[in-house]
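# Remarks on the overall topology
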Amino acid sequence: MASSDLEDLCFHINMKISTIKKTLQLRNIGQEPSLKSMLCKIGHEMVLLHDLLNKMETEVQQQEKLKDLLKELQKSAERDQNEAQHLRENIPAHLPKPTQSCITGPTVKCEEQTKVVEPERAKKPTKEPRLIKEAPLITAEEFESVPAYMKGRLTYDQINAVVQEVNKAVVGKYKILHQPLKSMNAAVRNLYHRFLEEETKDTKGEFFIVEADIKEFTQLKVDKRFHSILNILRHCQRVREVRGSRLVRYVIC
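Let me begin by describing the structure that accompanies this report. (Residues numbered from 1 in each chain as written. Predicted model: local features only at pLDDT ≥ 70, side-chain atom pairs only at ≥ 80, totals over all residues. Heavy atoms only, no water.)

### Concerning unusual backbone geometry
One non-glycine residue with positive phi stands out, namely serine 245, at about 55 degrees. Secondary-structure assignment places serine 245 in the loop between strand 2 (239-244) and strand 3 (247-252). Located in the positive-phi region is arginine 246, a residue other than glycine, with phi close to 55 degrees. Overall, arginine 246 belongs to the exposed group, its relative accessible area being 90%. (Helix = DSSP H or I, 4+ residues; strand = E, 2+ residues; numbered from the N terminus. Buried < 20%, exposed > 50% of the residue type's maximum accessible area, 1.4 Å probe, protein only.)

This is the structure:
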């Protein structure tokens, strides 16, 4: 065996021994009563750091979506520019001349026609926007009344952040349901038909969402933490569950 290989092996073994020593030291430190409070504080800071990283991850995802939208907008603007340039470069040499009636027609009649049309437009009734029911935020008193086993390490702000995201999903869903079908593209139309298929006799006249809507309209992760917060929202009568057809519907109370 070459001397360099032997040195590498010795270095590797020494590193392993050093790691084991540090691990034993840390285990002994964790058993000392004087340092337990410090370890608890470090654990709390780790939880806060984890929440901060989650927020940063959410912000990065939103910025990536915004970047994709801007790219699509740029492509659309470039297409419009190319079309305008093509029209400019291919203007017909002989355009049709205006008719005599358009030239000699009195301008008064045009003004009168404009005056007649304007009142007709004003008579059209404006459609009132349809209201979409949203869940109110949890109050401090309600948060204090939630059992400790249900809250765990969840904070007041974390619970209300989920309430806001749930409301965001509700608004996103019912804005689509209130749109005219002709104005929808293919993707939105697919969502529209899925929403209708998820309706039941128990949800008629109610505002509700399913987990797929959370994934569609928000950045929330549908994980154990999310379901723990939903249990709290059910306890505080913000949502209720309607089950059927292998689907859980979260109805806004």
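Structure's up, so let's keep going.
### A word on the side chain of asparagine 160
For asparagine 160, the position within the fold is in helix 7 (residues 156-177). With sequence-adjacent residues up to four places away left out, asparagine 160 is seen in contact with Leu137 and Ile138. (Contact = heavy atoms within 4.5 Å.)

### Looking at the layout of surface pockets
The space that makes up the largest pocket amounts to roughly 870 Å³. Looking at the lining of the largest pocket, the elements with two or more residues in it are helix 2 (33-89), helix 7 and helix 10 (224-235). The dominant element in the lining of the largest pocket, judged by the number of residues it contributes, is helix 2, at 12 residues. (1 Å grid on protein atoms, 1.4 Å probe; cavity = no way out; pocket = protein on both sides within 12 Å on 5 of 7 lines; lining within 4 Å. Points joined across faces, edges and corners; volume = space filled by probe spheres on them.)

### Comments concerning the nonpolar core
One finds Ile159, Val170 and Leu233 to be the most contacted residues of the largest nonpolar core, which totals 38 residues. Ranked by residues supplied to this core, first place goes to helix 7 with 10 residues. (Core = buried A, V, L, I, M, F, W, Y, C linked by side-chain atoms within 4.5 Å.)

### Considerations on the pattern of salt bridges
Proximity of charged atoms lets side chains of opposite charge pair with each other. For the structure shown, the criterion picks out seven salt bridges. One salt bridge in this structure joins glutamate 198 and arginine 194, with 2.7 Å as the shortest N-O distance. Note that glutamate 198 and arginine 194 are positioned in helix 8 (residues 186-198) at a spacing of four residues, about one turn of the helix. The partner of aspartate 213 in a salt bridge is arginine 194, and the shortest N-O contact between them spans 2.8 Å. Of this pair, aspartate 213 sits in helix 9 (residues 211-217) while arginine 194 sits in helix 8, placing them 19 residues apart in sequence. (Salt bridge = Lys/Arg side-chain N within 4 Å of Asp/Glu carboxyl O.)

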